[in-house]
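Geometric and topological summary
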Amino acid sequence: MAEKRIADKYDRDFLLKLLEEMVIIRRVEEKAAQMYGLQKIGGFLHLYIGQEAVAVGSMAALDLKKDYVMTTYRDHAHALVAGMSADALMAEMYGKATGCAKGKGGSMHMFDAENHMLGGHGIVGSHMPLATGVAFKIKYLEEDGVVLCYFGDGAIHQGAFHEALNLAKVWELPIVYIVENNQYGMGTDFRRISAVHDLYKKGCSYDIPGALVNGMDVLEMYEATKEAVARAKEEGIPTLLEARTYRYRGHSMSDPGKYRTREELDEYRKQDPILFLKSDMIHDGLLTEEEYQEIDKKAKKIADDSAEFAENSPDPEPEALYEDIYV
Amino acid sequence: MSNKINIVQAVQQALYNEMTLDETVVVYGQDVGVEGGVFRATVGLQKAFGSERIFDTPLSESAIVGSAVGMAINGFKPVVEIQFMGFIYPAVNQIVSHVSRYRNRTRGERHLPMVIRAPYGGGIRALELHSESTEAMFAHIPGLKVVIPSTPYDTKGLLISAIRDPDPVLFLEPKRIYRAFRQKVPEDAYTLPIGKAKIVKEGEDITVVTWGAMVPDVQKAVSTIDDISVEIIDLRTISPMDRETIVESVQKTGRILVVHEAAKSFGAGAEIVSVVNEKAFLSLEAPPTRLTGFDTIFPLPRGEKHYLPTPERIAKKIREIAAY
């Protein structure tokens, strides 16, 4: 194994940023899970824990002044990386008036227009044509932007996936489709319901490049996305990236995850994206254990503070039911 | 033999009975096989009947419903599950374009003995698409039956009727009360007529028409009123609607309140009020009235209590109409 693998290639601040983002996402989500357990958060809560490298690595290739992201209901990470405060995120999960969507969107519908995070979306695959439309606007206005459109392995079997990819190719749009293949559509192993197991190969159907990426490796995610983004911006060629990843938790908080083995989960925990980067950085002399503990402490404080902020925030007024809707 | 079961168990039992009695009954949908469904409505069925007759699908509502049509016109009785009613929209193309009109399109040569099951409604602290009640949207489609039970006994009898029905039935299950209470239900198969409302409680002064998860709330409201005689009708089938039962009741009471959790405008309540106006106009002693969800997006938990009609609001409205 080559020495100083990542230190030669990346600058320390960049790597620290990736590490910090992943740790913050994890700690905030753990806090959310805890608050869900205490019934502070209602409805459904879909956690991203285990998949952090996908959003963090891929979005590191973006300039969100010009670029956009759009994703599914497993959307906390994308919102945080885009720049949403943990306070606004947590308050939204609580359904408080101070949430990013005034407490009307909830966990599945994070939205931050200012930071070009155009939403989490509750219905599998339904947002893919929307993201394609955003890419159309970028092209039409001759802007220098790109759209990252995230979705899960379940979305591949929706018509909207196929309709969107076809349009993106025909219209030569600056968009990168990222399938976050965490291998289970709710409780169903994707291999049992997908004719094709290498999902990136679906790009062939629309004559666009497809590539498999290790979704547990934040730097691999970054590199693959950077390449796809350049291709989208410079040549108008969309890409389908398959990030092979794993969620440690159930589909949602109400899912005990009995459909998979303890061994399988442990196997993926060994490839944990945070530990991966952390140990590489320590190995290369870019980080000490003490510095990591400091990062973790900061992340925990951000998480704790966000819950306190949400707790102390007001409920939306009943009248808010009739705000922001045509009636 | 009978056992005490809740609504979700009644669904499971109905499926079990019909799969036992009729080999042409097949069940499929997302997570219904190995997992037994996210609400556990199909638990144990794959073990009992094998993965040829009950199996998992991809997240492809359009193909789930569309493929059921192909099977149903060729001798099968598919019972497909849409995991939440809010996930049904990709399948609306199939429902409107094919499911509801196949009998007519083939001039009666083919019909569709198929059932689409979906949990519907709010009150489970979810929001938006996971909580909405859009039964009126589907009741508006000619050729499609829309059934909503409110008790374990009715659930089992109506689901078995739906499976045996020669025409397509959208069977909407009130997920808020899936496990709310138990009732004695016969273990063997039995049927209840689709298109027939049930008078839950007889009364003389005012008729309240409701269905699904609102039925217990109306009962609760009425239990707080002892000076007005309220007749409660559980509609049970939205379409075809049991107009006779409603009209006869209003001819007796002269007053009607419709309670549903779906948004008010263009809802099933509007249809019921129209029927009353057309058929019982001269009996009316107060304006036919609706108490419903609001014309807005279903809110998060903190707004839920404001959105759904509560027993308190229902009781207040009953008093208002009675005093008109």
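Residues numbered from 1 in each chain as written. Chains lettered and ligands numbered in written order. Predicted model: local features only at pLDDT ≥ 70, side-chain atom pairs only at ≥ 80, totals over all residues. Heavy atoms only, no water.

**Considerations on the overall build of chain B**
The condition is simple: Counting from the N terminus, the helices are the DSSP runs of H or I reaching at least four residues and the strands are the DSSP runs of E reaching at least two. Using C-alpha atoms as the atom set, the radius of gyration is obtained and then compared with a globule rule of 2.2 Å times the number of residues to the power 0.38. Exposure is judged per residue with a 1.4 Å probe applied to protein chains only, and the accessible area is read against the type maximum: over 50% gives exposed, under 20% gives buried, and values in between give partly exposed. Pairs of residues are marked as contacts when any of their non-hydrogen atoms sit within 4.5 Å. By the counting scheme adopted, Arg and Lys are positive, Glu and Asp are negative, and His together with the chain ends is not counted. To locate a charge, take atom NZ for lysine, CZ for arginine, CG for aspartate or CD for glutamate.
Helix and strand counts for chain B come out as 12 helices and 14 strands. Taking 324 residues into account, the globule formula puts the C-alpha radius of gyration at 20 Å, and chain B, at 19 Å, falls close to it. Overall, chain B is about 60 × 40 × 40 Å in size when its C-alpha atoms are taken along their principal axes. Buried positions account for 60% of the 324 residues belonging to chain B. Sequence-distant contacts in chain B: of pairs separated by 6 or more residues, those separated by 24 or more amount to 80%. Positive and negative side-chain charges of chain B, numbering 37 and 38 respectively, have mean locations separated by a distance of 2 Å.

**Topic: the environment of Ala-323 of chain B**
Residues and elements named next belong to chain B. Looking at the element boundaries, Ala-323 is found in the segment after helix 12 (311-322). For Ala-323, a relative accessible area of 66% puts it in the exposed group. With 37 residues separating them along the chain, Ala-323 and Ala-286 place their C-alpha atoms 8.8 Å apart.

**Quick notes on the sheet that holds strand 2 (residues 25-29) of chain B**
Residues and elements named next belong to chain B. The test is simple: Two strands pair if DSSP finds at least two bridges between them. As a rule, the C-alpha atoms of each element are fitted with a line to give its axis, helices using only the stretch in contact, and angles between N-to-C directions run from 0 to 180 degrees.
On the basis of which strands lie adjacent, the open sheet formed by 7 strands has the order 3-2-4-5-7-6-12 and mixed pairing. Edge positions in the sheet fall to strand 3 (54-56) and strand 12 (237-239), since each of these pairs with one other strand and no more. Mean inter-strand twist for the sheet, computed between neighbouring axes without regard to direction, equals 20°. In the sheet, strand 5 (residues 115-120) pairs with strand 7 (residues 169-174) via 6 bridges, with the strands oriented parallel. For Pro-119, the partnering residue across the bridge sits in strand 7 and is Glu-173.

**A look at the packing of aromatic side chains**
All names here are of chain A. Quick note on the threshold: When two rings of Phe, Tyr or Trp (its six-membered ring) have centres within 6.5 Å they constitute a pair, described as stacked for plane angles under 30 degrees, edge-to-face for angles over 60, and tilted for the intermediate range.
In this structure the tally under the stated criterion is 19 aromatic pairs over all chains. With 5.1 Å between their ring centres and 40° between their planes, Tyr-184 and Tyr-259 make a pair best called tilted. Pair noted here: Tyr-184 is in strand 4 (residues 184-185) and Tyr-259 is in the loop between strand 7 (239-244) and helix 9 (262-269), with a separation of 75 residues, a long-range link. Of the two residues examined, Tyr-184 and Tyr-259, each falls in the buried class.

**Details of the packing of helix 1 (residues 12-37) of chain A against helix 4 (residues 86-94) of chain A**
All names here are of chain A. What counts here: With respect to orientation, any angle under 35 degrees is reported as roughly parallel, any angle over 145 as roughly antiparallel, any angle of 65 to 115 as roughly perpendicular, and every other angle as oblique. Each crossing gets its hand from how the near helix is turned against the far one by less than a right angle, where anticlockwise is left-handed and clockwise is right-handed. Each residue receives one of three labels: charged for Asp, Glu, Lys and Arg, nonpolar for Ala, Val, Leu, Ile, Met, Phe, Trp, Tyr, Cys and Pro, and polar for the others, Gly being one of them.
Between helix 1 and helix 4, whose axes approach to 11 Å, the crossing angle comes to 25°. With respect to each other, helix 1 and helix 4 are oriented roughly parallel. Here helix 1 runs over helix 4; the crossing is right-handed. On helix 4, the residues touching Val-28, Lys-31, Ala-32 and Met-35 of helix 1 are Ala-86, Leu-89, Met-90, Met-93 and Tyr-94. Split by residue class, the contact of helix 1 with helix 4 holds 8 nonpolar, no polar and 1 charged.

**Overview of the interface of chain A and chain B**
How big an interface is tends to be stated in terms of the accessible area lost upon association of its parts. The following threshold applies: Accessible area, probed at 1.4 Å, shrinks when two parts are joined; the buried area is that loss added up over both. Salt bridges are counted wherever a side-chain nitrogen of Lys or Arg sits within 4 Å of a carboxyl oxygen of Asp or Glu. Pairing of N or O atoms within 3.5 Å defines a polar contact, subject to two protein rules: one partner must be a possible hydrogen donor and the other a possible acceptor, and residues neighboring in sequence count only if both atoms are side-chain atoms.
Chain A puts 36 residues into the contact, and the matching count from chain B is 32 residues. Here chain A packs against chain B, burying approximately 2,700 Å² in sum over the two surfaces, 63% of which is carbon and sulfur. Where chain A packs against chain B, one counts 1 salt bridge. The tally of links from chain A across to chain B stands at 10 residue pairs in polar contact (both at pLDDT 80 or more). Secondary-structure elements contributing two or more residues to the side of chain A that touches chain B are helix 4 and helix 7 (190-193) of chain A. Residues that form the side of chain A that touches chain B fall into these classes: 15 nonpolar, 15 polar and 6 charged.

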